[in-house]
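Chain by chain, the residues run as shown.
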Amino acid sequence: MEQEKPQGHSNIYNYFEGATIHNMVINGNMVKNGDEHYQDTSHDVNATAATTQQLKKALERCKQYIWGHAAYSITFCVCRDKFHMEDNASLFERTLNSLGVPLPAGTINSAFCRNPWLKHHIDDWEKLGVKERPLKLRDAFQQEMMQSASPTEDKAQK
């Protein structure tokens, strides 16, 4: 005699940033269903997280594009979307302070309140009508982050 699969929770999948929850405890009983699914980042060109040193070099080379404290929110978004930095504005501000950039606490979150487009991925900003100045900083900073991560640059400086 064939056993029937339990009804109700057998096809519950809860997606969160590419991970699938398929082990669930309900009233003390473990339910496991489905295949494991994880976000595949192997296709990502910038699969490694940015280092503090890389961030410092890129910021130094992009000073001419940074018009005020709020502009650091753009560098935060580049790091968040392209270099796998944690989506934590306060941590980013503390990191910048440790690098000698005196950024008051709450600056990035305030910029997010005044500029809702910052919540979107940086590749979508043109479609959202973002002005030229933030786009120039985004592009220059992203380019500098990629160059400061390149091992050929370090060899050229020695």
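Note that the structure is predicted; figures quoted are calculated from it, not measured.

Attention now moves to the side chain of Asp81. Here Asp81 is to be found in helix H2 (residues 72-82). Exposure remark for Asp81: the relative accessible area of 17% places this residue in the buried category. Side-chain polar atoms of Asp81 contact the side chain of Arg80, separated by 2.6 Å. Every residue in contact with Asp81, bar those within four places of it in the chain, is listed here: His120, His121 and Ile122.

Moving on: the pattern of salt bridges. Inspection of the entire model under this criterion finds seven salt bridges. Asp123 is paired through a salt bridge with Lys82; the nearest N and O atoms lie 2.9 Å apart. Taken together, the residues span a long stretch of sequence, with Asp123 in the loop between helix H4 (107-114) and helix H5 (132-149) and Lys82 in helix H2 at a distance of 41 residues. Residue Asp123 is classed as partly exposed on the basis of its relative accessible area of 42%. With a relative accessible area of 17%, Lys82 lands in the buried category. Residue Asp124 is joined to Lys127 by a salt bridge in which the shortest nitrogen-to-oxygen separation is 3.3 Å. On the basis of relative accessible area, Asp124 is assigned to the partly exposed category, the value being 29%. Salt bridges linked by common partners bring Glu126, Arg138 and Asp139 together as one network.

The next point concerns the packing of aromatic side chains. Considering all chains together, one arrives at three aromatic pairs under this definition. On the numbers, 5.9 Å between centres and 65 degrees between planes, the contact of Phe76 with Phe112 is edge-to-face. Of this pair, Phe76 sits in helix H2 while Phe112 is found in helix H4, placing the two residues 36 residues apart along the sequence. Among the residues examined, Phe76 registers a relative accessible area of 3% and is labelled buried. Classification of Phe112 by relative accessible area gives buried; the value is 11%. A cation over a ring is seen here: Arg133 above Trp67, with NZ or CZ 4.1 Å from the ring centre.

Packing of H2 against helix H3 (residues 89-98) leaves a shortest axis separation of 11 Å and a crossing angle of 110 degrees. One element, H2, and the other, H3, form an angle in the roughly perpendicular class. The crossing of H2 and H3 is right-handed. Residues Tyr72, Thr75, Phe76 and Cys79 of H2 pack against Ala89, Phe92 and Leu96 of H3. By residue class, the composition of the contact of H2 with H3 is six nonpolar, one polar and no charged.

What follows concerns the confidence of the model for the chain. Averaged over all residues, the pLDDT of the chain equals 77, while 63% of them reach at least 70. Low pLDDT, under 50, characterises residues 8-21; the stretch is placed with 22 contacts to residues that sit more than four places away or in other chains. Per-residue pLDDT stays below 50 along residues 34-47; that stretch engages in 18 contacts with residues further than four places along the chain or on separate chains.

How each quantity is defined
Residues numbered from 1 in each chain as written. Predicted model: local features only at pLDDT ≥ 70, side-chain atom pairs only at ≥ 80, totals over all residues. Heavy atoms only, no water. Helix = DSSP H or I, 4+ residues; strand = E, 2+ residues; numbered from the N terminus. Buried < 20%, exposed > 50% of the residue type's maximum accessible area, 1.4 Å probe, protein only. Polar contact = N/O pair within 3.5 Å; in protein donor to acceptor, adjacent residues only side chain to side chain. Contact = heavy atoms within 4.5 Å. Salt bridge = Lys/Arg side-chain N within 4 Å of Asp/Glu carboxyl O. Phe/Tyr/Trp six-rings, centres within 6.5 Å; stacked < 30°, edge-to-face > 60°. Lys NZ or Arg CZ within 6 Å of the ring centre and 35° of its normal. Axes fitted to C-alpha atoms, helices over the stretch in contact; angles between N-to-C directions. Parallel < 35°, antiparallel > 145°, perpendicular 65-115°, else oblique. Left-handed = near helix turned anticlockwise from the far one by under 90°. Nonpolar A, V, L, I, M, F, W, Y, C, P; charged D, E, K, R; others polar. pLDDT = per-residue confidence, 0-100.

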